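Each chain, written out:
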Amino acid sequence: MQTKRLEKRQLFHMLGSNLEKRIIHFYRETKDSSLTIEYVVAVLVRQALTVSVTDFSCRELIKELFLNAAPNNTLRRFSVLFESYFDQREWETIVARLYRDNTDFLSATEEACLYREYLKEKDATRTDDLADHEFTLKAIFKGANGRKHTWTLKNAHPTKNREEISGALKILTMLTIFETNGVRKFTEFVDFNRDATKLDLQYIEEQPEPNKAISEKPKRDKNVSGKMKNSQPEKQSIESSEDRKSVPDKGKYKDPAVKQSILSGRDPNESTGQTKAKQAINAEGAMAHDLSQEEPPNAPSSSDNKQKDSDTGNPKKEQKNGKNKEQKEEKKFRNRVAKYLKKRGKK
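Residues numbered from 1 in each chain as written. Predicted model: local features only at pLDDT ≥ 70, side-chain atom pairs only at ≥ 80, totals over all residues. Heavy atoms only, no water.

J.: What exactly am I supposed to notice about the overall build of the protein chain here?
T.: A count of helical and extended segments in the protein chain gives 13 helices and 7 strands. Residue burial in the protein chain is summarised as follows: out of 347 residues, 31% are buried. Here the analysis covers contacts within the protein chain between residues at least 6 apart in sequence; of these, 66% occur between residues at least 24 apart. If you sum the accessible surface of the protein chain, you get close to 24,300 Å²; carbon and sulfur atoms cover 47% of it. (Helix = DSSP H or I, 4+ residues; strand = E, 2+ residues; numbered from the N terminus. Buried < 20%, exposed > 50% of the residue type's maximum accessible area, 1.4 Å probe, protein only. Contact = heavy atoms within 4.5 Å. Areas by Shrake-Rupley, 256 points an atom, 1.4 Å probe, with all protein chains shown as cover.)

Laid out in structure tokens, this is it:
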């Protein structure tokens, strides 16, 4: 069974310890030193551009490859990037194994020597206004087909300058492991930008207390028309159906008992609780009616009127005036009852 090659997503996003195991396993299964070295170089670029991969080294594997694997162009091209992995004696042995002479060494490692300084570690501590921000690196490359594409790397190194970042990114153009449908992706570096991002606002819904009701709002459901209506029964107005029944008919207001109940706003047969509810509404009308029943301060009394009638000698005329006055009062009372009943009917 053929061992699956590592993808770009794994090399740039997998945890360092797991990634190291994957690369070692790949080499043990395939013995492909060229691909293995390029995988490690890609991880070195990732380490230079981010602050997340700190538990990756593959030091023992690298020593095994350069000291024991059969020489090839990939080992010759990238050897200088791993010089710090060896002591002086080991390094001399590697140079003797891979290169014919010093001229061959300089020619093969010329491009890698330009960028190896950009792979060195650098303090990631910032002291400016962006110290608490996270950074995202977005680089633009051209593929072998000439098309541009954007490559994004999260948790970018916060203190690397423009030269250091661009130098590390150019190392990716030396690798041949990144392809899509047989087309190399990183053949030419174009540009990059580093964005600083920081949490600005955050809102967390407050949870209700355990002993407190979740919501005091009444439940709502839909009526036939589709509109929301309150499922909780509406509060009854002071004038209920019982109140309307207790109002005497228009034809009974001449009865003294009924008349007195209307004036006082109370039915003689109803309970005290029902009466209190009506009294609040009838207070104003009853008061106005009571005032209309009072005689003016300077009005003569009934005995004075009788005396006046006897004095004037026109008893029939005065009796007629008395009846007219009583009719007027009766008409006012009827109008008041009609308004009262009409007002209750609207409610």
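Now that the structure has been shown, the text picks up again.
J.: How should I be thinking about the environment of Val 183 in this particular structure?
T.: Among the secondary structure elements, Val 183 is positioned in strand β4 (residues 183-184). The class of Val 183 is partly exposed, set by a relative accessible area of 27%. For the pair Val 183 and Gly 143, spaced 40 residues apart in sequence, the C-alpha to C-alpha distance is 7.1 Å.

J.: What is the right way to look at unusual backbone geometry in this model?
T.: A negative phi angle is the norm for most residues apart from glycine, just as the trans form is the norm for most peptide bonds. Although it is not a glycine, Cys 58 sits at a positive phi angle of roughly 55 degrees. The exposure class of Cys 58 is buried, given its relative accessible area of 1%. The phi angle at Asn 181 is positive, at roughly 55 degrees, despite the residue not being glycine.

J.: Can you help me understand the packing of aromatic side chains in this one?
T.: The geometry of an aromatic ring pair is captured by two quantities: the separation of the ring centres and the angle between the planes. Scanning the model with the defined rule gives 14 aromatic pairs in all. Both rings, one in Phe 66 and one in Phe 82, keep their centres 5.6 Å apart while their planes meet at 45 degrees; by these two values the pair is tilted. Linking Phe 66 in helix α4 (residues 59-68) with Phe 82 in the loop between α5 (73-78) and α6 (88-98), this pair joins segments that are 16 residues apart in sequence. Exposure class is identical for Phe 66 and Phe 82. Each is buried. Relative to Phe 105, the ring of Tyr 99 lies with its centre 5.0 Å away and its plane at 85 degrees, an arrangement referred to as edge-to-face. Using a relative accessible area of 6% as the deciding quantity, one classes Tyr 99 as buried. Through a chain of ring-to-ring contacts, three or more aromatic side chains come together here, namely Phe 66, Phe 82, Tyr 85, Phe 86, Trp 91, Tyr 99 and Phe 105. For Arg 59, the ring lying beneath its charged end belongs to Tyr 85, and the centroid distance is 4.5 Å. Sitting over the face of the ring of Phe 135, Arg 194 holds its NZ or CZ atom 5.4 Å from the ring centroid. (Phe/Tyr/Trp six-rings, centres within 6.5 Å; stacked < 30°, edge-to-face > 60°. Lys NZ or Arg CZ within 6 Å of the ring centre and 35° of its normal.)

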